[in-house]
Amino acid sequence: MDFTLSEEHQMIRDQCRKFADKELKPIAAEYNRNHKFPMEQVKKLGEMGIMGIVYPEEYNGAGMDYISYVIAVEEISRGGASTGVTVSAHNSLCLSPIYYFGNEEQKKKYLPRLCTGEHIGCFGITEPGAGSDAAGTTTKAERKNGNWILNGTKTFITNGGVADIAVVMARTAKDGGHKGLSMFIIEKGSPGFLVGKNEGKMGLLSSSTTELIFDNCEIPYENLLGEEGQGFKIAMHTLDGGRIGIAAQAVGISQAAMEDAIAYAKERKQFNKSICEFQAIQWMIADMATDIEAARLMTYQAAGLLNGDNRQKYSKQAAMAKLFASEASHRVTHKALQILGGYGYTTEYPMERYCRDARITEIYEGTSEMMRLVIATNVLKS
Ligand SMILES: Cc1cc2nc3c(=O)[nH]c(=O)nc-3n(C[C@H](O)[C@H](O)[C@H](O)COP(=O)(O)OP(=O)(O)OC[C@H]3O[C@@H](n4cnc5c(N)ncnc54)[C@H](O)[C@@H]3O)c2cc1C
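Residues numbered from 1 in each chain as written. Predicted model: local features only at pLDDT ≥ 70, side-chain atom pairs only at ≥ 80, totals over all residues.

Concerning the overall build of the protein chain
- Helix and strand counts for the protein chain come out as 11 helices and 10 strands.
- The C-alpha atoms of the protein chain give 21 Å as radius of gyration, which agrees with the globular expectation for 382 residues (21 Å, within 12%).
- In terms of overall dimensions, the protein chain has a C-alpha envelope of 80 × 45 × 40 Å along the principal axes.
- A total of 382 residues make up the protein chain; the buried ones form 52% of that total.
- If you take every contact in the protein chain between residues at least 6 apart in sequence, the share linking residues at least 24 apart comes to 75%. (Helix = DSSP H or I, 4+ residues; strand = E, 2+ residues; numbered from the N terminus. Rg over C-alpha atoms; globule rule 2.2 N^0.38 Å. Buried ≥ 20, exposed ≤ 12 C-beta atoms within 10 Å, placed from the backbone. Contact = placed C-beta atoms within 7 Å.)

With respect to the site of the ligand
- For the ligand, the set of nearby residues contains 22 residues, the closest of which are Gly 131, Ser 132, Thr 158, Thr 367 and Glu 369.
- Elements represented by at least two residues in the shell around the ligand include exactly strand 1 (121–124), strand 3 (147–158) and helix 11 (368–381).
- Here the residues of the shell around the ligand are counted per class, giving 11 nonpolar, 8 polar and 3 charged.
- Each of domain 2 (122–229) and domain 3 (232–381) gives at least three residues to the shell around the ligand. (Near = placed C-beta within 6 Å. Nonpolar A, V, L, I, M, F, W, Y, C, P; charged D, E, K, R; others polar. Domains from an automatic or database assignment.)

A short note on the domain arrangement of the protein chain
- The assigned domain composition of the protein chain is domain 1 (7–120), domain 2 (122–229) and domain 3 (232–381).
- Of note, the centres of domain 2 and domain 3, computed from C-alpha atoms alone, are 30 Å apart.
- On the side of domain 3, 11 residues touch domain 2, which itself brings 14 residues to the contact.
- Each residue belonging to the side of domain 2 that touches domain 3 can be placed in one class, and the counts come to 10 nonpolar, 4 polar and no charged.

What to know about the packing of helix 3 (residues 66–79) against helix 4 (residues 81–101)
- With their axes 6 Å apart at the nearest point, helix 3 and helix 4 run at an angle of 150° to one another. Between helix 3 and helix 4, the interaxial angle falls into the category roughly antiparallel. Facing Tyr 69, Val 73, Ile 76, Ser 77 and Gly 79 of helix 3, the residues of helix 4 in contact are Ala 81, Thr 83, Gly 84, Val 87, Ser 88 and Asn 91.
- Its residues placed into classes, the contact of helix 3 with helix 4 shows 5 nonpolar, 6 polar and no charged. (Axes fitted to C-alpha atoms, helices over the stretch in contact; angles between N-to-C directions. Parallel < 35°, antiparallel > 145°, perpendicular 65-115°, else oblique.)

Here's the deal with the pairing of strand 1
- Burial along strand 1 is two-sided: the face carrying Gly 121 and Phe 123 and the face carrying Cys 122 and Gly 124 are both buried.
- As paired elements, strand 1 and strand 4 (residues 165–171) share 4 bridges and run parallel to each other. Pairing of Phe 123 across the sheet is with Val 167, part of strand 4. (Pairing = 2+ DSSP bridges.)

A few points about the nonpolar core
- Counting 117 residues, the largest nonpolar core has Val 70, Cys 94, Phe 184, Ile 244, Ala 247, Ala 302 and Ala 336 as its most contacted members.
- With 17 residues, the single largest contributor to this core is helix 6 (residues 231–267).
- In this structure Ala 302 touches Ile 244, Ala 247, Tyr 314, Gln 317, Ala 318 and Ala 321, once residues within four positions along its chain are discounted. (Core = buried A, V, L, I, M, F, W, Y, C linked by C-beta atoms within 7 Å.)

Details of unusual backbone geometry
- With phi around 55°, His 35 is a residue other than glycine that occupies positive phi space.
- Topologically, His 35 is positioned in the loop between helix 1 (7–33) and helix 2 (39–47).
- Positive phi, normally seen in glycine, also occurs at Phe 271, with a value near 55°.
- Checked against the element boundaries, Phe 271 lands in the loop between strand 9 (269–270) and strand 10 (273–274).

Side note on the pairing of strand 5 (residues 181–187)
- With 6 of 7 residues buried, strand 5 lies mostly within the body of the structure.
- As judged from the 7 bridges shared by strand 4 and strand 5, these two strands associate in the antiparallel manner. The partner of Ile 165 across the bridge, within strand 5, is Glu 187.
- The pairing of strand 5 with strand 8 (residues 224–225) spans 2 bridges and is antiparallel. Paired with Met 183 across the bridge in strand 8 is Leu 225.

Section: the environment of Lys 36
- For Lys 36, the position within the fold is in the loop between helix 1 and helix 2.
- For the pair Lys 36 and Asp 164, spaced 128 residues apart in sequence, the C-alpha separation works out to 18 Å.

Points about the environment of Gly 152
- Looking at where Gly 152 falls in the secondary structure, it is placed in strand 3.
- For Gly 152, a count of 22 C-beta atoms within 10 Å puts it in the buried group.
- Linking Gly 152 and Thr 86, residues 66 residues apart in sequence, is a C-alpha distance of 24 Å.
- In this view, Gly 152 contacts Glu 127, Thr 138, Thr 139, Lys 140, Ala 170 and Phe 214; residues no more than four positions away in its chain are not counted.

Considerations on the packing of helix 3 against helix 7 (residues 279–307)
- Put simply, helix 3 and helix 7 touch, their axes get as near as 8 Å, and they point 145° apart. Contacts between helix 3 and helix 7 involve Tyr 66, Ile 67, Tyr 69 and Val 70 from the first element and Thr 299, Tyr 300, Ala 303, Gly 304, Leu 306 and Asn 307 from the second.
- Looking at the contact of helix 3 with helix 7, its residues break down into 7 nonpolar, 3 polar and no charged.

Structure, rendered in structure tokens:
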């Protein structure tokens, strides 16, 4: 067992860290304040190969492994968590189902422009009445004159307002619960496909989160992804993979918070001493560093299993990594804010943003409660 990063992994880490410091950190406060999507930066990430990092070169991907992916998402999220989720949702939630379940024609048609970042992708499962219980999907897809007609509304969709391609789950059979669901590829501009309201959010303010509305939306028959009735299976496979991206995002936010807290603790003087000389502050730093290290290792471990495509074991490990890393980011960002005292609570410092951004990692791509359900189910049957 070797815990050192390979040369390739170090290279991607250094490249993304440099990008985050130069291109993301300086704009993060302003873009969040103005709810501005960092389109120019996302396009640059496309040029760096990050928007198709794990996909084969034949589809314009960078052909790297999943450890490289989580390293990239961590470093990008350290610079700006909103950009982190943009990259993660694009790679894990849109490209992944097309790559794993699409036919060759679909892969050739959609992946090359998604992998370069020319196109941005999103993934729509959640509906107003179907969150954790994705099998409760009511958006309908019916066959008509050789096409599919979709009707319904998806909510909380990351990249919804900027996406060119959406992978969306809809009900194709009235009965059958999760077996009556299918997955579709929907292009921006398809008749009857509208972007609905922007969700007002607590954090990730420079990411796009919107409704997607299907009002007699007509798409070609061949845009069915996988087989009819396979939608739920594709969704679960996709979310299993997506969770390592969210774990990595949580680690990146935690790392940013700890770095800022340490720098502050070395500078800030009270009682004629730097506050980092107080044991109370040192213990918080020790706890933060330990949480981050554990979360990062769990994320690498889950990513390593995905490299081997060991899905059985992977599902549990990905849920554990997301659960631990997201709850750790809650602890870390709050301790880091505590170290800044009153200044941490002001918008003068990014710390309050780290706290707000971290919170969502315990909710999306499966809440912590659903992660515990996945873990317990796997542990009990093993
Ligand atoms: C910023 C943001 C971005 C998002 N991006 C996307 C996206 O790109 N695509 C997409 O499809 N969705 C997206 N989502 C939706 C997200 O995945 C859901 O919000 C999440 O799955 C929870 O669903 P819900 O909000 O309906 O909560 P609910 O499912 O209503 O859950 C409410 C509470 O009940 C608990 N609960 C529910 N069922 C159980 C159970 N069986 N046992 C124990 N506790 C339970 C939950 O854990 C939670 O605490 C996003 C959400 C946000 C806020």
